[in-house]
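Listed below, chain by chain, are the residues.
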Amino acid sequence: MSFHSSINSYSSLRNLGLLALLLTCGLSISTGPLAIGFINSLKGLVIGLVNTVTAWDPGTLAPHEQLIINNVRLPRTLLALCVGATLAQCGAVMQGLFRNPLADPGIIGVSAGAAFGAAIFIVLFAGAPEYAVAIGAFLGGLATTLLVYRVATSSSGTSVVMLLLAGVAVAALFGAGIGVLTYIANDMALRDLSLWQMGSIAGAKWHFVWLSAAALVVISWQFHRSAKALNALLLGEAEARHLGVDVERLKYRMIFLCALGVGIAVAGTGIIGFIGLVVPHIVRMMVGPDHRLLLPLSALLGAVLLLIADVGARTLMPPSEVPVGLLTALLGAPFFIYLLLKQRQRLF
Amino acid sequence: MESVLSLSGLNLSRGGKQILSDIDLELTQGKFTALLGPNGAGKSSLLKCLSQDHKPDIGSISFRGKPLSDWSQVKLARELAVLPQHSGLGFAFKAKDVVAMGLYPLTLSQQQGDALVTHWLERLDIMHLRDSLYPELSGGEKQRLHLARVLVQLAQSEQPPVLLLDEPTSALDLAQQHRVLSLLKELAREQEYTIVSVLHDLNQACQYCDELVVLSQGRVAASGTPRTCMNEDLIDHVWRYRPERLYRSSETPLYF
């Protein structure tokens, strides 16, 4: 069978993606107020990664350069990588779960729910440890996903209209909730909140890098294990059940994992929209909807795209930074409108 | 003859409306059974009880002597496959990948799986469509594709498997209808598949099926072989239409 042809194109795309990932990581590390050459950036990347385990310095870069890489650019680069890969995969899985290519953590309100969960901890429990904020974001994301799923899905599938309307309603609700929190917040919390709603990777901290990396490993592994079942689910819930898929368990596991991924991503970077919409769509155009190929390639492309967007956020208006969430929205929203127009006949 | 599926005292209501009443049926191994009846008689609902999409209010269904709901999902999927009336699939899978979804409950190597998919694509005359994208196929092509998928699913059954079909020929042209029905008849006769299919065409049912079950207002109005159970009075009584009977030499009668 010529199934192997798509496998071949998959492995060449995967290799291309890995190369692009390396290059964008180098680009991300070399970009900033202090110019560091591209080759030196790659070397600094490797040294910096080793430095997370042991203090080893061959003296390839000047000490202040390595210091900037270790403390500022490397965590930022890794956080963008993890969050991009997580959001793209969660988007792909949600689209599979809702059997609709328009589902995205940002659009259906999951990110807003996660942000609200995080905001509660920032404002009402000022001084709460950051993992508490992440737990708040996870719980907010989980509650929202369950709510939207319940509202939008019936036995015959998910209605696009109900899905988007539920997303709008939920996003408005949590937006208002965040508004109330803004009103009662002190100045310090206020700054955090506004940053949260726009999404930014600036000021990435190592402990969020580790948290996001751990989340990325867990969800990637679990999603990969469920790839065939997710394919079957696209036939319909009853059909998947007839094929031997434990549909209820699969659905709730996927919802839990998406909330985990999106929650931790939001806790680390705030709301970064449209990665989960745009990336899986582009990958489907290249290799088709099979989750076994879609998920790993979405992870790679999501990481690359968010890294590029973050480099753009740093360089567009120096010396200040554009929040990267604004950039992804500026690029992603028109794409979303294009998808809506393409689907227009199927919507009503 | 061994009973594979047995239903006793089955009652189903949906939204306060009684759909099925006191259904008792024995479906025997290796028989091709047609579920017949006018619109709304409960054919699809009965099939959905067998596929566990509907849970009956009272009554029981047992499969090979064990309550249907006690079967593990994967094990059941290898022994019993369901072809629904409509299959929604909005994503652009290739045709062969849709058929390969039938491999889900099986434990086959990549090569064995590919060979199995190819086998059923050929048997159903859709090999030429293997690389076509699903949303671009016609209704009849999709229908044969899903039939191929459920036949792939049954490749590793421990005993001759069960196939539940809801109007498997509704989107096919005349020639394809006969091809598919002959294939099903052959599977029942030569490999002892137990096949239960909702059909609309009485003559096709009489021609291809071993047993008929005629439903009327949620009850079994008649059952048996085409020769013993089908006649003008039954059709008049159940469908409220008086047909004309034609005889071809030594064949089952035709009703118009």
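Residue numbers run consecutively from 1 along every chain, following the written order of its sequence. In the order they appear in the text, chains get letters beginning with A and ligands get numbers beginning with 1. Only residues with pLDDT of at least 70 are given local features in this predicted model, and only at 80 or more are side-chain atom pairs given and counted; all residues enter the totals for whole chains, interfaces and linings. To obtain the side-chain values, all non-hydrogen atoms of the structure were included, while hydrogens and water were left out.

The name given to chain B in an unreviewed UniProt entry is Heme ABC transporter ATP-binding protein, with Shewanella corallii as the source organism. UniProt positions are given in the numbering used here, feature names are shortened, and annotations may be inferred rather than shown by experiment. One UniProt comment on chain B, placed under Function (unreviewed entry), says "Part of the ABC transporter complex HmuTUV involved in hemin import. Responsible for energy coupling to the transport system."

You'll find chain A entered in an unreviewed UniProt entry as Iron ABC transporter permease, with Shewanella corallii given as the organism. UniProt, in the comment section headed Sequence similarities (unreviewed entry), describes chain A in these words: "Belongs to the binding-protein-dependent transport system permease family. FecCD subfamily." What the UniProt record of chain A gives under Subcellular location (unreviewed entry) is the line "Cell membrane".

Peer 1: Would you take a moment to explain the overall build of chain A for this structure?
Peer 2: Numbering goes from the N terminus for both helices and strands, where a helix is a DSSP run of H or I of at least four residues and a strand is a run of E of at least two. Looking only at helices and strands, one finds 15 helices and 2 strands in chain A. Radius of gyration here uses only the C-alpha atoms, and the compact-globule reference equals 2.2 Å multiplied by the residue count raised to the power 0.38. Computed over C-alpha atoms, the radius of gyration of chain A comes to 20 Å, within 12% of the 20 Å expected from 2.2 N^0.38 for 348 residues, which places it in the range of a compact globule. Taken along the three principal axes of its C-alpha coordinates, chain A extends 60 × 60 × 35 Å. For the accessible areas, the method is Shrake-Rupley and the probe is 1.4 Å, while residue cover comes only from the protein chains on display. Element-wise, carbon and sulfur atoms account for 71% of the exposed surface of chain A, whose accessible area totals about 14,500 Å². In this charge count, Lys and Arg are treated as positive and Asp and Glu as negative; neither His nor the chain ends contribute. Charge positions come from single atoms, namely NZ of Lys, CZ of Arg, CG of Asp or CD of Glu. Each charge sign in chain A was given a centre, from 20 positive and 13 negative side chains, and these centres are 9 Å apart.

Peer 1: Teacher, can you tell me more about the pattern of salt bridges here?
Peer 2: Any two side chains of opposite charge can pair, on the condition that their charged atoms come close. Residues and elements named next belong to chain A. The term salt bridge refers to a side-chain nitrogen of Lys or Arg lying within 4 Å of a carboxyl oxygen of Asp or Glu. In this structure the tally under the stated criterion is 16 salt bridges over all chains. The partner of E248 in a salt bridge is K251, with the nearest N and O atoms 3.2 Å apart. Here E248 pairs with K251, and both are found in helix 11 (residues 247-269), just 3 residues apart, close to one helical turn. Relative accessibility thresholds used throughout: buried, under 20% of the residue-type maximum; exposed, over 50%; partly exposed, between the two (1.4 Å probe, protein chains only). Its relative accessible area of 42% is what places E248 among the partly exposed residues. One connected set of salt bridges, linked through shared partners, spans R76, D310, R314 and E321.

Peer 1: Explain the packing of aromatic side chains here, please?
Peer 2: Between the rings of Phe, Tyr and Trp (Trp by its six-membered ring), a pair exists once the centres lie within 6.5 Å; its type follows the angle of the planes, with under 30 degrees stacked, over 60 edge-to-face, and the other angles tilted. Tallying each qualifying case throughout the model produces 8 aromatic pairs over all chains. Here the aromatic rings of F121 of chain A and F125 of chain A are separated by 5.3 Å at their centres, their planes lie at 35°, and the arrangement is tilted. Under the relative-accessibility criterion, F121 of chain A is labelled partly exposed at 24%. For F125 of chain A, a relative accessible area of 46% puts it in the partly exposed group. The side chain of R225 of chain A reaches across the aromatic face of W221 of chain A, ending 5.8 Å from its centre. Whether a charge sits over a ring comes down to the Lys NZ or Arg CZ being within 6 Å of the ring centre and within 35 degrees of the ring normal. Residue placement shows K66 of chain B over the ring face of W71 of chain B; its charged tip is 5.0 Å from the ring centre.

Peer 1: Sorry, what's going on with a nonpolar patch on the surface here?
Peer 2: Residues and elements named next belong to chain A. Together, L19, L23, L27, F38 and I39 give the surface a local cluster of nonpolar side chains, amounting to about 430 Å² of exposed area. Contributing elements (two or more residues each) for the nonpolar patch: helix 1 (3-30) and helix 2 (38-51). The element contributing the most residues to the nonpolar patch is helix 1, with 3 residues. Within the secondary structure layout, L23 lies in helix 1. Judged by its relative accessible area of 41%, L23 falls in the partly exposed class. Residues enter a patch when their relative accessible area is above 30% and they make no salt bridge; the linking distance is 9 Å between like charges and 5 Å between nonpolar side chains (Val, Leu, Ile, Met, Phe, Trp, Tyr).

Peer 1: Got a minute to help me understand the sheet that holds strand 4 (residues 58-63) of chain B in this structure?
Peer 2: Sheet strands pair by backbone hydrogen bonding; their relative direction is either parallel or antiparallel. Spatial strand order, 2-1-4-5 (chain B): 4 strands in an open sheet with antiparallel pairing. A strand with exactly one partner marks an edge of an open sheet, and here the two such strands are strand 2 (17-28) and strand 5 (66-67) of chain B. Strand pairing is assigned whenever DSSP detects at least two bridges linking the two strands.

Peer 1: How do you make sense of the UniProt feature "transmembrane region" (unreviewed entry) in chain A when you look at a structure like this?
Peer 2: Residue and element names in this part refer to chain A. According to UniProt, the positions carrying the feature "transmembrane region" (unreviewed entry) are residues 78-98, 105-125, 131-149, 161-184, 204-223, 255-282, 294-312 and 324-341. In this annotation, residues 105-125 is assigned 71% helix and 0% strand; the end-to-end C-alpha distance for the span is 26 Å. For residues 204-223, helix accounts for 90% and strand for 0%, while the C-alpha atoms at its two ends are 26 Å apart.

Peer 1: For this particular structure, what's the right way to read helix 7 (residues 187-198) of chain A?
Peer 2: Since the α-helix turns once every 3.6 residues, residues separated by three or four places project in the same direction. All names here are of chain A. Between the first and last C-alpha of helix 7 there are 17 Å, a value that for 12 residues agrees with the 16 Å anticipated at 1.5 Å per step. Among the residues of helix 7, those classed as buried are A189, L193 and W196. Looking straight down helix 7, one finds that the buried residues subtend no more than 60° of arc, so they occupy a single side. In this structure, helix 7 carries D187, M188 and R191 as exposed residues pointing more than 90 degrees from its buried face. Backbone geometry just after helix 7 places G199 at a positive phi near 80°. In this analysis, the expected span of each helix is defined as 1.5 Å times one less than the number of residues it contains. Summarising the geometry, the arc corresponds to the directions from the helix axis toward the C-beta atoms.

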